[in-house]
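# Secondary and tertiary structure notes
Each chain, letter by letter, is given below.
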Amino acid sequence: MNAPLQNDRFLRALRREPVDRTPVWLMRQAGRYLPEYRATRQRAGSFLAMAKNPEIACEVTLQPLQRFDLDAAILFSDILTIPDAMGLGLHFVDGEGPKFERPVRSHDDIARLAVPDMETDLRYVMDAVRVIRRELDGKVPLIGFSGSPWTIACYMIEGRGGSDFGRIKAMALNDPAALHRLLGVVTDAVIAYLSAQRAAGAQALQVFDTWGGVLSPAMYREFSLRYLKRIASELQRGDGAERTPPSNGLSVAHTPLILFGKGNGPYLSELADTGTDAVGVDWTVSLHGACLRTQGKVALQGNLDPATLYASPGTIRREVRTALDSYAKGNGGSRDGHVFNLGHGMAPDMDPEHVRVLVDEVHAASRERRLG
Ligand code: CP3
């Protein structure tokens, strides 16, 4: 049995319930900007060695929480664990990012893809979730995650990060049926993966659609949004909990889903209709505008430009207050239903002291404003 939750601000905000202050966590909050992360990485040997060892994954998941007053922890892992478990041979080349030894190049490659077994092939991920839940001891909720099918497919087909997506876009145009077959298997795997993380103890789930924004609107709807919809509807169906728990509080709590997408601004109203609980937005939309487009159907997460962390503490505080107020303005004056975050992940050269300024300002300013 896991300990009762001591800080439920994040889960309450995802349900759009009132909180005393706006909860905050940061994408990539565990990582190379922390000297203690770099020390653990040195000891473990590599990023993959860290991610594949549940005790070490737990250690680095907790590192940012020991320093900062964050309202959620995120599983230390990667979106590329699924294709790795499918046999593509993931490795990281220093300074070049992720690479696959056996990228998907033919119809035969696609036909061979199968959904990995979650408690054998990806057992290290589920074990990490269990160890982290135990060690968190109810301090804050744990977020599990996956890449979106489109974003995972980008890496499977291009074979590496940092590409211009020429291969996968050519496939979408020349051989859409083959790409849909691939996206279908990956979507089955993502649903099984998120369900297994939830069963292992993840208290919220986030899907990272990092590369959805590189598509034209028609292609976004066909190759990304369609599969996000399937994930949202199948996860809700398999939740085993009511979406709105009865007031006796005895039912199993619903596990909220967040759909984050870089460049998803044009699609916010469609994302709000997928059945997801929350949508994560980047800094190219204002929170005010995002509220108007989502009409109170979902909670919103975001959306400070990560580069704000390079600015001076005074400027960081000002930008935090601007984002908080932009949300309230769009949400009819209410600050409920907002989870503060960056619009994308942190970079290795960011100053941990600036993270502290950001987190503390979110809490102080959002509490002060609620007290009016
Ligand atoms: O947010 C967190 O703290 C949780 C851990 C997390 C990692 N990757 C750890 C990681 C999460 C949520 C991810 C997701 C992820 N991985 C995404 C989607 C999120 C996003 O940023 O849009 C993507 C596209 C990947 C694929 C990937 N993995 C890339 C492009 C890289 C960067 C390679 C590099 O050298 O910068 C990784 C490696 C990776 N994943 C690191 C971390 C902390 C850096 C590892 C290291 O070198 O120590």
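To start, this report covers the structure provided alongside it. (Residues numbered from 1 in each chain as written. Predicted model: local features only at pLDDT ≥ 70, side-chain atom pairs only at ≥ 80, totals over all residues. Heavy atoms only, no water.)

This next bit is on the pattern of salt bridges. It is possible for side chains bearing opposite charge to pair when their charged atoms get close. In total, this model carries 27 salt bridges according to the counting rule given. The salt bridge involving Arg-198 is made with Asp-239; its shortest N-O contact spans 3.9 Å. Within this pair, whereas Arg-198 is found in helix H10 (residues 176-200), its partner Asp-239 is found in the loop between helix H11 (217-237) and strand S6 (257-261), the two being separated by 41 residues in sequence. Of the two residues, Arg-198 and Asp-239, neither departs from the other in class, the shared state being buried. As a salt-bridge pair, Asp-336 and Arg-370 come within 4.0 Å of each other at their nearest N and O atoms. Note that Asp-336 is positioned in the loop between helix H14 (313-330) and strand S9 (338-342) and Arg-370 in helix H15 (residues 352-371), a separation of 34 residues in sequence. With a relative accessible area of 24%, Arg-370 lands in the partly exposed category. The network of salt bridges with common partners includes Arg-9, Asp-20, Asp-71 and Arg-367. (Salt bridge = Lys/Arg side-chain N within 4 Å of Asp/Glu carboxyl O. Helix = DSSP H or I, 4+ residues; strand = E, 2+ residues; numbered from the N terminus. Buried < 20%, exposed > 50% of the residue type's maximum accessible area, 1.4 Å probe, protein only.)

So, about the environment of Ser-106. Among the structural elements, Ser-106 can be located in the loop between strand S3 (97-100) and helix H6 (107-112). Residue Ser-106 is classed as partly exposed on the basis of its relative accessible area, which comes to 32%. For Ser-106 and Ile-56, which are 50 residues apart along the polypeptide, the C-alpha to C-alpha distance reads 37 Å.

The immediate surroundings of the ligand are formed by 23 residues, with Arg-28, Tyr-37, Arg-41, Thr-210 and His-344 found nearest. Between Arg-32 and the ligand, the recorded distance is 2.6 Å, taken from a side-chain N or O atom to an oxygen atom. Within the side chain of Tyr-37, a nitrogen or oxygen atom sits 2.6 Å from an oxygen atom of the ligand. For the ligand, whose unbound accessible area comes to 880 Å², protein coverage reaches 89%. (Near = heavy atom within 4 Å. Polar contact = N/O pair within 3.5 Å; in protein donor to acceptor, adjacent residues only side chain to side chain. Areas by Shrake-Rupley, 256 points an atom, 1.4 Å probe, with all protein chains shown as cover.)

Moving on to unusual backbone geometry. Cis rather than trans, the peptide bond between Gly-302 and Asn-303 has omega equal to 0°. Mapped onto the elements of the fold, Asn-303 is located in strand S8 (residues 299-304). Its identity is not glycine, yet Arg-16 carries a phi of approximately 60°, on the positive side. Relative to the elements of secondary structure, Arg-16 occurs in the loop between helix H1 (9-14) and helix H2 (35-44). Using a relative accessible area of 39% as the deciding quantity, one classes Arg-16 as partly exposed. Its identity is not glycine, yet Phe-165 carries a phi of approximately 65°, on the positive side. Here Phe-165 shows up in the loop between helix H8 (149-158) and helix H9 (166-174). Residue class for Phe-165 comes out buried when judged on its relative accessible area of 10%.

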